[in-house]
Structures are given as C-alpha cells and as structure tokens.
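Next come the chains, spelled out residue by residue.
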Amino acid sequence: MVSESLQSLRPLAGVRVVEFCHVAAGPFCGMLLADFGAEVVKVEPPDGDAMRQWPPITDGFSENFASINRGKRSVALDLKDPAARDAARALVLEADVLIENSRPGVMSRLGLGWDWFGAHKPSLVYCSISAFGQDGPRGSEGGFDLTIQAAAGVMSVTGEPDGAPVKAGVPLVDFGAGLYAAFTIASLLARVRAGGAGGHVDVPMFATTIAMSALQTSEYFGTGRNPRKLGSAHPRNAPYQAFRASDGYFAIAAGNNKLWTQVCEIAGTPELLADARFTTPTQRAAHQDALRELLEARFAHDTAAAWLGRFAPAGVPSAPINGYAEALADPQAAHLGLVRPMTLPNGVETRSVGCPVRLDGQVLPVDTRPPALGEHTAAVLGALGAKR
C-alpha cells in the first residue's frame, strides 16, 4: 500500500469503482483508475476472471492477470444467485463508478444494468465496454482484439505489402478502448463533482479503434482510396522505417528536409540531395522503395550499432529494434521508474510496469499487488452489512 503523503499525488483518491470485467479492456480501464487513486473492487464469478488462467503462471498465479489487475480488491459472487445480485447492487449503490465489459444485455438480465441503476442512483457513472456498442445492427456481437483489428481496418495496414494479414503485436484494441473508457469516466466524474448527473458510457471497441486510426481514415477521406500496408514505412515521410545494416535492422525517422540532409551527410550520399525523386518528404515517400535500396547499400558497410552511434549525436531520431528485455533495460526506463516490484498473492516476488505518467515530476505511486480470487469478499460484504 502507498503512504498517505504519496496518496495525495493520486487525484482519484476517494472515488469508489466496482468492476464487473474480464480479460483485458475493462480490467485495464479499472487498473488505470486504481493507479490514479480510485478504490476498485473487482467482482468475479466463483471460478474467476478467465485471464487468471493465462500464462505465465508463477506458482499458481498468472502474471498476465497481475499486470492489469494491480491495486484492486477481489469479491467472488455468483451473480445468478438473487442474494449475490442484491449484494452487488448494494456495493454499486455505495460507489461512484461501475465498469462492465459483458455482451450488451447481459448485465440487464442479471438485474445490474443501467436501466436499474440509472433510476436508483442517477449520479452513478456506468461504463459499458463492448465489441460494437450497446445497440445497432452489430450490437449483439461479441469480439476480441484480433477480430476488431480485422473489422476496424488495422490489419489492412499492418505487415509487409505482399504478406499475409497480421495483427499488431500489442492488443491495441483492448487497451485503446480501456483508455477511452477511463478518460470518459474521469470526465463524467468531474461533471458529477460539479453537481451534475452521472450517466451511461458506451465504449464500442470497433469505434475506438477506428477513431485511433485518424491518419488512415483521413487518408481515405482525402483520396477515396484505402490506405495500404507499408511494412515499417510511412505513407507520407521518408526515410522513415527500419533499414538493414550489416548485422541486422535499425530504425530512423527523418521526417523533414533538415533531418534528410543529416541522413545524407552521415550516410555519405550527398548526391541524393540533388535527386529530383527525393527533394521533399512527399517525393521521398512516393519513391521510398528506391530510396531504401540506395540507403541500404550504404548501411550494409557497417553494423546497426555503428550507424546508430552516428545518427543519434546528429539529432536524427533513430533506434535499435529492441525486444522487451532491451526496452525495459534502457536507462530511460530506469529514469522514468517504469519497472516496479510486485508481490503476488502467493508471496512470490516479481516485477511489473507501473504507471508511465509522472505528476509534478514524481513517479505516480501505485499499489502493484493483484488480488487473489475472492480475497476480499468477506471484508467488503461485511462492511456493506455493517452499513445496512
């Protein structure tokens, strides 16, 4: 737990959240609110959130589950049992926020929908995260990160031009929806604190994913053509991609003419500055296959580390193609306090990535411990009983 002095850095302190969520999008939203100080109670079925079974399993506890459920309390309830439903209702009536990510209609059938809570607690911020939204022609469909990446266009612009469809390696659909949900919840909490009403937040993962694709949708609106896959390259800038050196790849992003001049100077290719194909970012992007071949012919004479050692001091944005081991070991990751110790409920010591945001120059203090299934059922329901 965090100290009282550090707790003052957490602007959602005092906000009470009840999370009826599983797997990724909803739990990530709940974790973000917990990181910023909210008290989050995670209501799980008796057999737990399915993510508790995802590897890596360390002495019986999922580190995947731990990574997005830190700082919460767990209450295990069979919501099909009327007594458990009544306990869940009482818990939410004492709270400020409810988050759920079931298919549309499930919470209402359980007697825990906005149709019930809106009438009984108008100040409640009720957030529903789903694949396609709460209504409409596809509202009843389910979905996961993969299928929404496919439906929302992400897979059409991911991968090599002639390659098979691939998804983004990070579950951006789930976490993007969770971010939108947390931002909207915080916005409505400000309205409630100002004396306004709460409300029902509808977060369709399909819609948030399309919204995050603003550069791609604007390209379509402006040209009438679908954006295409470009591998690591950029549709409007070059050189702006991964390049092969003698021993592997590295990335450079020379997004303007000044940086382009620096690239030519360092690569020893001043003749390219006078080449009509490469005089502007747009021209370079239009001829980037030819540009890549010309630059890689030079880059083949040295290692990726050697080229990075030249580009970085010259101010050209550049980077190795890191794995997560290398990214987490970066000195900047240490400076930002990203890697935090975590104690699993079984007592095993491990690590996690903490909140990436700093407030007033300080790393946001987070409670990194995840809950065991049903660990807080007795305490939370007992406290409710004492109030009733």
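On inspection of all chains with the given rule, the structure shows 14 aromatic pairs. Both rings, one in Phe 250 and one in Phe 299, keep their centres 5.1 Å apart while their planes meet at 70 degrees; by these two values the pair is edge-to-face. Here the residue Phe 250 occupies a position in strand β10 (residues 249-253), and Phe 299 occupies one in helix α13 (residues 288-299), the gap between them amounting to 49 residues. The burial state of Phe 250 is the same as that of Phe 299; both residues are buried. Put simply, the rings of Phe 243, Phe 250, Phe 299, Trp 307 and Phe 311 pair up and form one aromatic cluster. Stacked on the ring of Trp 307, the Lys or Arg Arg 310 has its end atom at 4.5 Å from the ring centre.

Okay, α13 next. When the terminal C-alpha atoms of α13 are compared, their 16 Å separation across twelve residues agrees well with the 16 Å that a helix rising 1.5 Å per residue should span. Among the residues making up α13, those that are buried are Gln 288, Leu 291, Leu 295, Glu 296 and Phe 299. Down the axis of α13, the smallest arc covering the buried residues is 125 degrees, so these residues share one side. α13 presents Asp 289 and Glu 293 as exposed residues on the side facing more than 90 degrees away from its buried surface. Looking at the packing, one finds that the buried side of α13 touches β9 (240-244), β10, α11 (257-267), α12 (281-286) and α14 (304-311).

Before going further, it helps to spend a moment on the sheet that holds strand β8 (residues 199-204). An order of β5-β2-β1-β6-β7-β8 is seen for the six strands of this open sheet, with the pairing classed as parallel. Unpaired on one side and paired on the other, β5 (72-76) and β8 mark the two borders of the sheet. Each strand axis lies, on average, 20 degrees off the axis of its neighbour in the sheet, ignoring direction. Where strand β2 (residues 39-44) lies against β5, five bridges are found, and the strand directions are parallel. Note that in β5 the partner of Val 41 across the bridge is Arg 73. In the packing of helix α4 (residues 82-93) onto the sheet, the strands contacted are β1 (16-20), β2 and β6 (97-100), and the crossing angle to β1 comes to about 145 degrees. Where helix α8 (residues 172-193) meets the sheet, its contacts fall on β6, β7 (125-130) and β8, and the angle it forms with β7 comes to roughly 165 degrees.

Definitions and cut-offs
- Residues numbered from 1 in each chain as written.
- Predicted model: local features only at pLDDT ≥ 70, side-chain atom pairs only at ≥ 80, totals over all residues.
- Heavy atoms only, no water.
- Phe/Tyr/Trp six-rings, centres within 6.5 Å; stacked < 30°, edge-to-face > 60°.
- Helix = DSSP H or I, 4+ residues; strand = E, 2+ residues; numbered from the N terminus.
- Buried < 20%, exposed > 50% of the residue type's maximum accessible area, 1.4 Å probe, protein only.
- Lys NZ or Arg CZ within 6 Å of the ring centre and 35° of its normal.
- Expected span 1.5 Å × (residues − 1).
- Arc of directions from axis to C-beta.
- Contact = heavy atoms within 4.5 Å.
- Pairing = 2+ DSSP bridges.
- Axes fitted to C-alpha atoms, helices over the stretch in contact; angles between N-to-C directions.

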